[in-house]
Amino acid sequence: MTFVRACGVSELEDDTPKRVELDGTPVSVVRTEGEVFAIHDICSHANVSLSEGEVEDCQIECWLHGSSFDLRTGKPSGLPATRPVPVYPVKIEGDDVLVSLSQES
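Here's what I pulled together on the structure shown here.

Thresholds applied
Residues numbered from 1 in each chain as written. Predicted model: local features only at pLDDT ≥ 70, side-chain atom pairs only at ≥ 80, totals over all residues. Heavy atoms only, no water. Core = buried A, V, L, I, M, F, W, Y, C linked by side-chain atoms within 4.5 Å. Buried < 20%, exposed > 50% of the residue type's maximum accessible area, 1.4 Å probe, protein only. Pairing = 2+ DSSP bridges. Helix = DSSP H or I, 4+ residues; strand = E, 2+ residues; numbered from the N terminus. Salt bridge = Lys/Arg side-chain N within 4 Å of Asp/Glu carboxyl O. Disulfide = S-S within 2.5 Å. Axes fitted to C-alpha atoms, helices over the stretch in contact; angles between N-to-C directions. Contact = heavy atoms within 4.5 Å.

Structural notes on the nonpolar core
At step 1: Ranked by size, the top nonpolar core spans 16 residues in total, and within it Ile39, Leu50, Ile60, Phe69 and Leu71 carry the most contacts.
At step 2: In this structure, Ala6, Cys7, Val9 and Leu22 belong to the second largest nonpolar core, which totals 13 residues.

Right, here's the structure in full:
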């Protein structure tokens, strides 16, 4: 599994998504509940950036239609989205947030 630097931990604010692009793939990096997560940044229901939404209870909400996705699994928790979005493995080395584009789900 190959990991690439997405950002620094110090660049992240709690519950505030940060959009990054890794090898042409849009990724939202989120620090919440003491952990850092990486999830595909495009909603599975509409072509909308999830990083523009709000984070609460380890979920990120699509601002356009209100679907929320679990940051751990990518599964939607409400309509109109019915398909999950990919989540990516994360590891922290020093201040670096490293993400692998190999999908966990």
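We are not done yet, so read on.
Description of the sheet that holds strand β2 (residues 18–22)
At step 1: With antiparallel pairing, the four strands of this open sheet are ordered in space as β2-β3-β4-β8. At either margin of the open sheet sits one strand with a lone partner, and together these are β2 and β8 (87–88).
At step 2: Relative to β8, strand β4 (residues 35–40) is paired through two bridges, and the arrangement is antiparallel. Along β8, the bridge assignment pairs Ala38 with Tyr88.

Here we look at the pattern of salt bridges
At step 1: Under the criterion given, the structure shown has eight salt bridges.
At step 2: Its salt-bridge partner being Asp96, residue Arg5 comes within 2.7 Å of it at the nearest N-O pair. Taken as a pair, Arg5 in strand β1 (residues 3–8) and Asp96 in strand β10 (residues 96–100) lie far apart in primary sequence, 91 residues in all.
At step 3: The salt bridge involving Arg19 is made with Glu21; its shortest N-O contact spans 3.9 Å.

Re the state of the cysteines
At step 1: In total, this model carries zero disulfides according to the counting rule given.
At step 2: No disulfide involves Cys43; its sulfur sits 3.8 Å from that of Cys62, the nearest cysteine.
At step 3: Not engaged in a disulfide, the cysteine Cys58 finds its nearest cysteine sulfur in Cys7; these two sulfurs lie 16 Å apart.

Considerations on the sheet that holds β10
At step 1: Reading across the sheet, the three strands line up as β1-β10-β9 and stay open at both edges, with antiparallel pairing between neighbours. The open sheet has two edge strands, β1 and β9 (90–93), and neither has a second partner. Mean inter-strand twist for the sheet, computed between neighbouring axes without regard to direction, equals 35 degrees.

Description of the environment of Pro80
At step 1: If you trace the backbone, Pro80 turns up in the loop between β7 (68–70) and β8.
At step 2: When the C-alpha positions of Pro80 and Asp70 are compared, they lie 15 Å apart, and in sequence the two are ten residues distant.
At step 3: When residues no more than four places from it in sequence are discounted, the contact partners of Pro80 are His45, His65 and Ser67.

Observations regarding unusual backbone geometry
At step 1: Residue Pro80 is bonded to the preceding Leu79 through a cis peptide linkage, with omega at 15 degrees.
At step 2: In this model, Asp57 sits at a positive phi of 50 degrees, which is unusual for a non-glycine residue.
At step 3: Structurally, Asp57 is set in the loop between β5 (55–56) and β6 (59–61).
At step 4: Classification of Asp57 as exposed rests on a relative accessible area of 57%.
At step 5: Even without being glycine, Cys58 reaches a positive phi, approximately 60 degrees.

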